[in-house]
Amino acid sequence: MKYVMMGTQQVSAIGLGTWQFGEAGWGWGTELDHDEAIRIVHRALELGINFFDTAEVYGNGRSEEILGEALRGRRHEAIVATKVAPPLRPDRVMQAARESLRRLDIESIDLYQLHAPDGGVPLARTMRAIRRLMDDGQVQQVGVSNFDLNQWQEAEAALGSPVVSNQVQYHLLDRRPRNLLPHAHEEGRIVIAFSPLAQGLLGGKYGPGNVPQDLRANFGIFNDDNLRRAPAVVATLRQVGEHYGVTPAQVALAWLLLDPQVIVIPGARSVAQLEANAAAADLRLTPGDALRIEEATRA
Ligand SMILES: NC(=O)c1ccc[n+]([C@@H]2O[C@H](COP(=O)([O-])OP(=O)(O)OC[C@H]3O[C@@H](n4cnc5c(N)ncnc54)[C@H](OP(=O)(O)O)[C@@H]3O)[C@@H](O)[C@H]2O)c1
């Protein structure tokens, strides 16, 4: 496993996204169940993954509960990241943190992320609550999610100390977050790539005429434009991967990790997917590979 510094914490470059846990829209109870979710977390720890991403809204709190259960007795091996969703009023933030701590069954959240900007509440007010949580030891570090560059910098100014990460949708079919990278490099911050496999589209299993019939059908990634562009990108990922004996999904993750300030948090619905994702940390793409992939994406 490869590790990077996120503020004061050393995190695995491949983390585990746990939106799939407890979420009916991801086929919870049919495609994935409680026991497999626990096995996924335990196998992740064995493979050196220490960064786990959840949110109060995933499965309406169930994801946090399952992650907390899986980490019982192994808390010290994990960096636990969760999120508070708008509205980001101070009283709501304080209450949400308490509830997340209870569901996760932990004393302190390692990375507390604002799930999305809230235009209705000044960041200074939200961050006063976050500061209180930090002073009380209930939160160790602070991150944001779905913030643009200005909003990230404003959040940091409002907190008065580093907002160590920004979690954004970033994958080969959506490279807009690249404009966050110079800031991450200059300030030593981390861009956390969510949906790094484009929710499975970059794995090659899905495509035009074969869209997963779950919450992904409405999330936006499986739109006409991505469905049109994906086959050529996946074909290139497959060609590059054949040289190393790896899959298109693994190449897609390794491409993101070419930037040292980026970490990825793929979701997994089986231990086999988790294992494949963890192994992508060992894949070293050459500049030639990167160029080929870039060209396929541009086309
Ligand atoms: N901050 C935010 O607003 C936000 C939004 C979305 C997600 N997230 C976070 O980011 C995490 C990951 O994003 P995501 O789950 O949306 O998308 P993702 O990680 O890009 O895709 C996950 C899906 O890809 C497929 N997959 C996983 N490993 C694979 C492999 N090795 N080979 C082929 N296919 C594979 C699986 O679908 P199949 O089982 O169908 O193959 C899996 O459910 C979430 O769990 C969550 O923690 C955050």
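Here the structure is a predicted model, which is why all the values come from computation and not from measurement.

### Observations regarding the overall build of the protein
Thinking step 1. When you go through the protein residue by residue, the secondary structure sums to eleven helices and ten strands.
Thinking step 2. Its C-alpha atoms put the protein at 50 × 40 × 35 Å along the principal axes.
Thinking step 3. Buried residues in the protein amount to 47% of all 299 residues.

### Regarding the pairing of strand S6 (residues 109–114)
Thinking step 1. Most of S6 sits out of view: six of its six residues are buried.
Thinking step 2. One ladder, built from four bridges, connects strand S5 (residues 79–84) with S6; its direction is parallel. Of the residues in S6, the one forming a bridge with Lys-83 is Gln-113.
Thinking step 3. Read as a crossover between parallel neighbours, the route from S5 over helix H3 (residues 90–104) to S6 is right-handed.
Thinking step 4. Relative to strand S7 (residues 139–145), S6 runs parallel, the two sharing five bridges.

### A word on the site of the ligand
Thinking step 1. As a structural note, the neighbourhood of the ligand is formed by 29 residues, with Gly-17, Trp-19, Leu-197, Gly-203 and Gly-267 the closest of them.
Thinking step 2. Top contributing element to the shell around the ligand by residue count: helix H10 (residues 271–279), with three residues.
Thinking step 3. Its residues assigned to classes, the shell around the ligand shows eleven nonpolar, 15 polar and three charged.

### Describing helix H1 (residues 34–46)
Thinking step 1. For H1, spanning 13 residues, the distance from its first C-alpha to its last is 19 Å, which sits close to the expected 18 Å at 1.5 Å a residue.
Thinking step 2. Residues of H1 that are buried: Ala-37, Ile-40, Val-41 and Ala-44. Buried residues of H1, viewed axially, fall in a sector of 95°; they line one side. Those residues of H1 that are exposed and angled more than 90 degrees off the buried face are Asp-35 and Glu-46.
Thinking step 3. Looking at the buried positions of H1, the neighbouring elements they touch are strand S3 (16–17), helix H2 (62–71) and H10.
Thinking step 4. Just past H1, the residue Gly-48 takes up positive phi, approximately 95°.

### Notes on the sheet that holds strand S9 (residues 190–194)
The strands making up a sheet associate through hydrogen bonds between their backbones, and the pairing can be parallel or antiparallel.
Thinking step 1. Within the open sheet, the eight strands sit side by side as S3-S4-S5-S6-S7-S8-S9-S10. Their pairing is parallel. Every other strand in the sheet has two partners, leaving S3 and strand S10 (262–264) as the edge strands with one partner each.
Thinking step 2. With three bridges connecting them, strand S4 (residues 51–53) and S5 associate as parallel partners. Within S5, the residue paired with Phe-52 across the bridge is Val-80.
Thinking step 3. Contacts from helix H4 (residues 123–135) reach S6 and S7 within the one sheet, and its direction differs from that of S7 by about 150°.

### Considering the nonpolar core
Thinking step 1. In terms of nonpolar packing, the biggest core is built from 94 residues, with Ala-97, Tyr-112, Val-191, Leu-202, Ala-252 and Leu-253 touching the most fellow members.
Thinking step 2. Here this core takes seven residues from helix H9 (residues 248–256), the largest share from any one element.
Thinking step 3. Look past the residues within four positions of Ala-252 in its chain and what remains in contact with it is His-171, Leu-172, Pro-196, Leu-197, Leu-202 and Leu-237.

### Looking at the environment of Ser-161
Thinking step 1. Relative to the elements of secondary structure, Ser-161 occurs in the loop between helix H5 (149–159) and strand S8 (163–169).
Thinking step 2. Looking at Ser-161, the number of C-beta atoms within 10 Å reads 13, which means it is partly exposed.

Conventions adopted
- Residues numbered from 1 in each chain as written.
- Predicted model: local features only at pLDDT ≥ 70, side-chain atom pairs only at ≥ 80, totals over all residues.
- Helix = DSSP H or I, 4+ residues; strand = E, 2+ residues; numbered from the N terminus.
- Buried ≥ 20, exposed ≤ 12 C-beta atoms within 10 Å, placed from the backbone.
- Pairing = 2+ DSSP bridges.
- Right-handed = clockwise from strand over helix to strand, strands pointing away.
- Near = placed C-beta within 6 Å.
- Nonpolar A, V, L, I, M, F, W, Y, C, P; charged D, E, K, R; others polar.
- Expected span 1.5 Å × (residues − 1).
- Arc of directions from axis to C-beta.
- Contact = placed C-beta atoms within 7 Å.
- Axes fitted to C-alpha atoms, helices over the stretch in contact; angles between N-to-C directions.
- Core = buried A, V, L, I, M, F, W, Y, C linked by C-beta atoms within 7 Å.

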